[in-house]
Amino acid sequence: MSNKITVYHKPTCSKCRATLALLKDSGQQFDAVNYYEMPLTVAGLRELIEKLGVPVRDVLRSDEPLARSLKLAEQQLADDELIKIMVDNPDLIQRPIVVRGDKAVLCRPPENVMKLL
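Residues numbered from 1 in each chain as written. Predicted model: local features only at pLDDT ≥ 70, side-chain atom pairs only at ≥ 80, totals over all residues. Heavy atoms only, no water.

## What about the nonpolar core?
Counting residues in hydrophobic clusters, the biggest one holds 23 residues, and the most contacted among them are Tyr8, Leu45, Met86, Ile93 and Ile97. Excluding anything up to four places from it in sequence, Met86 contacts Leu45, Ile49, Val56, Val59, Leu60, Leu92 and Ile93. Core analysis: the second largest hydrophobic core is formed by nine residues, Val7, Val105, Val113 and Leu116 among them. (Core = buried A, V, L, I, M, F, W, Y, C linked by side-chain atoms within 4.5 Å. Buried < 20%, exposed > 50% of the residue type's maximum accessible area, 1.4 Å probe, protein only. Contact = heavy atoms within 4.5 Å.)

Below, the structure written as structure tokens:
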């Protein structure tokens, strides 16, 4: 693979820090995007989910207190509605997400990043 690597992360997240360390150790060049400082758009998150190749609900952090208080697990929301809620509340997005070309992986565990190297 020769495409640029981009990591969407939250700096205080331990899995994000571990994934970034693995990438640094690999010697690969990459861009790190703190999606709290540079928020994802609905279209951007939809594109990431498509590259992950998973259902939208798989990207939802359903254990987050906000997800529980909004009762997201109990609601039958359309994918677009759920994506909008996650964009408006970035704590609800699973992380980190690493992209290379048209592929992406959710790095939980961080070693999943090796699939893109």
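The discussion continues.
## A short note on the pattern of salt bridges
In this structure the tally under the stated criterion is six salt bridges. Note that Asp91 and Lys10 form a salt bridge whose closest N and O atoms lie 3.2 Å from each other. With a gap of 81 residues between them, Asp91 in the loop between helix H4 (79–88) and strand E3 (97–100) and Lys10 in the loop between strand E1 (5–9) and helix H1 (14–26) connect regions that are remote in the sequence. Across the pair Lys84 and Asp88 runs a salt bridge whose closest N-O atoms are separated by 2.8 Å. Placement of the pair is Lys84 and Asp88 together in helix H4, with a separation of four residues, close to one helical turn. (Salt bridge = Lys/Arg side-chain N within 4 Å of Asp/Glu carboxyl O. Helix = DSSP H or I, 4+ residues; strand = E, 2+ residues; numbered from the N terminus.)

## Overview of the side chain of Gln94
Tracing the backbone through its elements, the reader meets Gln94 in the loop between H4 and E3. Residue classification places Gln94 among the buried residues on the basis of a relative accessible area of 16%. Polar side-chain contacts of Gln94 include one of 3.4 Å to the side chain of Arg108. Once residues lying within four places of it in the same chain are set aside, the contact partners of Gln94 are Tyr35, Asp58, Val59, Leu60, Arg61, Leu106 and Arg108. (Polar contact = N/O pair within 3.5 Å; in protein donor to acceptor, adjacent residues only side chain to side chain.)

## Describing the sheet that holds strand E2 (residues 30–34)
Whenever strands of a sheet pair, they do so through backbone hydrogen bonds, lying parallel or antiparallel. Read across the sheet, four strands follow the order E2-E1-E3-E4 without closing on themselves; strand pairing throughout is mixed. In this open sheet, the two edge strands, each paired with only one partner strand, are E2 and strand E4 (103–106). Between one strand and the next, the sheet's axes are offset by a mean angle of 20 degrees, whatever the strand orientation. As judged from the four bridges shared by E1 and E3, these two strands associate in the antiparallel manner. When the sheet's bridge partners are listed, Thr6 is paired in E3 with Val99. (Pairing = 2+ DSSP bridges. Axes fitted to C-alpha atoms, helices over the stretch in contact; angles between N-to-C directions.)

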